[in-house]
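Observations on the model geometry
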Amino acid sequence: MPIARAAAPVTLEAVELRVLHLPLVAPFTTSFGTETVREVIIVRARTSEADGWGEIVTQQAPLYSSEYTQGAWDVAERYLVPALLDAGTLAPEDVAGALAPFVGHRMAKAGLELAILDASLRSTARPLGEYLGAVRDRVPSGVSVGIQRDPAALVDTVAAYLDQGYVRIKIKIKPGRDVADTAAVRDAFGTIPLQVDANSAYTLADIDTLAELDRFDLLLIEQPLQEDDIVDHATLAARLRTPVCLDESIVSAKAAADAIALRAASVVNIKAGRVGGYLEAVRVHDLCRASGLPVWCGGMLETGIGRAANAALAALPGFTLPGDISASDRFYARDIVTEPIVLEDGHVRVPTGPGIGVEIDPVALEDATVARVELRR
Ligand code: NPG
């Protein structure tokens with residue numbers, strides 16, 4: 001029986017959108033490119049009851065998925081925010097329905113829903129974790145390591161994260177930077193919990209190379225094939241001993257149900273932005289749990305806003321693998337919240353304050369802002 005989730009309705013008066021540019025402490029390289037500055041949209045929902053904060057986790061360019069920051073900004077400003085302002089008084093559970101007529105744009109919808117959910121929960125002093133169904137007060141923290149110059153540099157980078165206490169390592173791979181990189185990390189650090197992420201960089205023609213990874217006893221291989229290659233993922237999963245985990249392909253609870261039915265995945269990465277919000281993320285969690293699949297919480301280089309919300313989500317009972325919920329300083333020298341998430345004994349704490357449980361640092365927010373708009377009723 002799913003837990004009933006009913007948060008207080010709020011009356012939306014205005015929505016502020018900001019584009020932030022946050023420099024990364026080190027370049028982050030994946031199969032789709034290198035990021036040195038995080039571009040992200042922060043949402044502030046002004047309601048009669050309280051203000052709430054959300055984060056739209058798009059990247060500057062549509063490389064991870066079809067969504068990108070200027071596209072999210074445009075659809076939010078032109079369609080999504082006006083629909084919410086028209087709705088007037090609404091409960092967080094009504095947001096997805098109010099936005100459902102607009103196809104896609106899940107990251108934009110997720111950021112808006114989080115801001116309204118945060119406002120609602122703050123108005124009744126209720127923590128997000130409690131609302132979502134958290135059963136833990138801290139969650140194990142894994143780190144996602146970008147592709148480095150060469151395997152030796154990768155070993156050095158991983159060593160530094162292990163020294164900091166991260167309990168699970170994920171390395172990014174791409175064709176030509178897979179078996180040797182994985183072997184180098186296994187050779188250097190033995191049986192540490194290790195997984196790889198391909199971000200859709202392979203096709204079934206690479207099946208023999210991907211099968212070579214079986215000898216490394218990985219926790220999983222994440223999203224080896226394209227977003228819409230569900231049947232090919234099933235073919236691959238039948239051949240590999242390494243569990244196949246889907247990320248980009250799982251855009252909704254329905255997509256998760258289909259992937260499970262087709263045996264395309266035996267593990268699921270849950271990202272609220274990718275599935276259109278934290279409420280849909282809980283539905284993906286519930287479905288996977290009922291089907292016996294482990295899930296873990298993915299990351300999109302979130303600021304302190306999204307990082308706090310992810311920690312709350314990852315405290316649900318089905319999150320049995322460590323997530324990409326690293327400390328704020330893994331990416332940022334200066335976060336936009338007053339108490340950025342820190343690593344404590346390999347774990348991060350689930351915030352216990354009202355709503356997302358963190359406060360915004362107004363100066364840091366202003367300093368990082370490169371565009372701002374406020375839409376009113
Ligand atoms: O710890 O927040 C984090 C980053 C985790 O590797 C990570 N994210 O494919 O999962 C991913 C990847 C990503 C980064 C995706 C940037 C999209 C943009």
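Procedures and definitions
- The numbering scheme is per chain: residues are counted from 1 as the chain's sequence reads.
- Where local features are concerned, this predicted model is filtered to residues with pLDDT of at least 70; where side-chain atom pairs are given and counted, the filter is 80 or more; whole-chain, interface and lining totals use all residues.
- Values reported for side chains reflect all heavy atoms of the structure, with hydrogen atoms and water molecules removed beforehand.
- In this description a helix means any DSSP run of H or I spanning at least four residues, a strand means any run of E spanning at least two, and both kinds are numbered starting from the N terminus.
- Radius of gyration here uses only the C-alpha atoms, and the compact-globule reference equals 2.2 Å multiplied by the residue count raised to the power 0.38.
- Only protein chains enter the calculation, and the probe is 1.4 Å; a residue is then buried if its accessible area is under 20% of its type maximum, exposed if over 50%, and partly exposed in between.
- In what follows, residue pairs with any heavy atoms lying within 4.5 Å of each other are defined as contacts.
- Only the protein chains shown count as covering a residue, and every accessible area follows the Shrake-Rupley method with a 1.4 Å probe.
- The convention is simple: Lys and Arg are positive, Asp and Glu are negative, and His and the chain ends are not counted.
- Just so you know, the charge point we use is NZ for Lys, CZ for Arg, CG for Asp and CD for Glu.
- A pair of strands is labelled paired if DSSP reports no fewer than 2 bridges between them.
- For the purposes of this section, nonpolar cores are sets of buried Ala, Val, Leu, Ile, Met, Phe, Trp, Tyr and Cys residues that join through side-chain atoms within 4.5 Å.
- Just so you know, the domain bounds were taken from an automatic or database domain assignment.
- Only centres within 6.5 Å qualify two rings of Phe, Tyr or Trp (six-membered ring in Trp) as a pair; their planes then separate them into stacked at under 30 degrees, edge-to-face at over 60, and tilted for everything else.
- A positively charged side chain is recorded as over a ring if its NZ (Lys) or CZ (Arg) lies within 6 Å of the ring centre. The angle to the ring normal must also be within 35 degrees.
- All axes are obtained by fitting lines to C-alpha atoms, using only the stretch in contact for helices, and the reported angles, taken between N-to-C directions, cover 0 to 180 degrees.
- Comment on the angle field: the value is read as roughly parallel under 35 degrees, roughly antiparallel over 145, roughly perpendicular from 65 to 115, and oblique elsewhere.
- Handedness of a helix crossing follows the sense of rotation of the near helix relative to the far helix, less than a right angle counterclockwise being left-handed and clockwise being right-handed.
- When residues are grouped by polarity, Ala, Val, Leu, Ile, Met, Phe, Trp, Tyr, Cys and Pro land in nonpolar, Asp, Glu, Lys and Arg in charged, and all others, Gly among them, in polar.
- Salt bridge, as used here: a side-chain nitrogen of Lys or Arg that lies within 4 Å of a carboxyl oxygen of Asp or Glu.

Quick look at the overall build of the protein
- Counting its secondary structure elements, the protein contains 13 helices and 14 strands.
- At 20 Å, the protein has a C-alpha radius of gyration in line with the 21 Å of a compact globule built from 377 residues.
- Considered along the principal axes of its C-alpha atoms, the protein spans approximately 55 × 40 × 35 Å.
- The buried share among the 377 residues of the protein stands at 60%.
- For the protein, long-range pairs separated by at least 24 residues make up 73% of all intrachain contacts whose partners lie at least 6 apart in sequence.
- If you sum the accessible surface of the protein, you get close to 14300 Å²; carbon and sulfur atoms cover 52% of it.
- Within the protein, the 51 negative side-chain charges are centred at a point lying 2 Å from the centre of the 35 positive side-chain charges.

Points about the sheet that holds strand 9 (residues 221-222)
- The 7 strands are arranged 6-7-8-9-10-11-12 in an open sheet whose pairing can be described as parallel. Lying at the two open borders of the sheet, with one neighbouring strand each, are strand 6 (142-145) and strand 12 (295-297).
- Note: strand 10 (residues 244-246) against strand 11 (residues 267-270), 2 bridges, orientation parallel. Within the sheet, the bridge partner assigned to Leu 246 lies in strand 11 and is Val 268.

Things to note about the nonpolar core
- The biggest cluster of nonpolar side chains holds 93 residues, and the ones touching the most others in it are Leu 128, Leu 132 and Ile 171.
- The dominant element in this core, judged by the number of residues it contributes, is helix 12 (residues 304-314), at 7 residues.
- Viewed by domain, this core spans two of them, domain 1 (10-125 + 361-376) and domain 2 (130-349), each represented by three or more residues.
- Leave out the neighbours within four places in its chain, and Ile 171 touches Val 145, Leu 154, Val 158, Asp 181, Thr 182, Val 185, Leu 194, Gln 195, Val 196 and Asp 197.

Examining the packing of aromatic side chains
- Evaluated as defined, the whole model comprises 5 aromatic pairs.
- Geometrically, the ring pair formed by Phe 331 and Tyr 332 is tilted, given 6.2 Å between the ring centres and 50 degrees between the ring planes. Each member of the pair, Phe 331 as well as Tyr 332, is classed as buried.
- Members of the aromatic cluster, each reached through a chain of ring pairs, are Phe 28, Phe 331 and Tyr 332.
- Lying across the ring of Trp 296, Arg 168 places its NZ or CZ 5.4 Å from the centre.

Side note on helix 6 (residues 179-189)
- Within helix 6, burial applies to Val 179, Asp 181, Thr 182, Ala 183, Ala 184, Val 185 and Arg 186.
- Where the residues of helix 6 are buried, they touch helix 5 (151-164), strand 7 (168-172), strand 8 (194-197) and helix 7 (207-212).
- Looking one or two places after helix 6, you find Gly 190, whose phi comes out positive at around 65 degrees.

Topic: the side chain of His 233
- Along the chain, His 233 falls in helix 8 (residues 230-239).
- Looking at His 233, the relative accessible area reads 0%, which means it is buried.
- His 233 has contacts with Gln 223, Pro 224, Leu 225, Gln 226, Val 244, Leu 246, Ser 249 and Ala 264, leaving out every residue within four places of it along the chain.

Here's the deal with the packing of helix 1 (residues 69-87) against helix 3 (residues 106-123)
- One way to put it is that helix 1 packs onto helix 3 with a least axis distance of 10 Å and a crossing angle of 45 degrees. One finds that helix 1 runs oblique with respect to helix 3. For helix 1 against helix 3, the interelement crossing comes out right-handed. Facing Ala 72, Val 75, Leu 80, Val 81 and Leu 84 of helix 1, the residues of helix 3 in contact are Ala 108, Lys 109, Leu 112 and Ile 116.
- Its residues placed into classes, the contact of helix 1 with helix 3 shows 8 nonpolar, no polar and 1 charged.

Side note on the pattern of salt bridges
- Counted according to the given criterion, the structure contains 28 salt bridges.
- Arg 122 is paired through a salt bridge with Asp 118; the nearest N and O atoms lie 2.8 Å apart. Within this pair, Arg 122 and its partner Asp 118 are both found in helix 3, separated by 4 residues, close to a single helical turn.
- By relative accessible area, which is 17% here, Arg 122 ends up buried.
- Judged by relative accessible area, Asp 118 falls into the buried class, the value being 1%.

Thoughts on the environment of Phe 28
- Looking at the element boundaries, Phe 28 is found in strand 1 (residues 10-30).
- Residue class for Phe 28 comes out buried when judged on its relative accessible area of 6%.
- Sequence separation of Phe 28 and Val 145 is 117 residues, and the distance between their C-alpha atoms is 7.8 Å.

What to know about the environment of Gln 195
- Counting through the fold element by element, Gln 195 comes out in strand 8.
- On the basis of relative accessibility, which here comes to 1%, the residue Gln 195 falls in the buried class.
- Other than its neighbours up to four places away in sequence, Gln 195 contacts Arg 168, Ile 169, Lys 170, Ile 171, Leu 218, Leu 219, Leu 220, Glu 222 and Trp 296.

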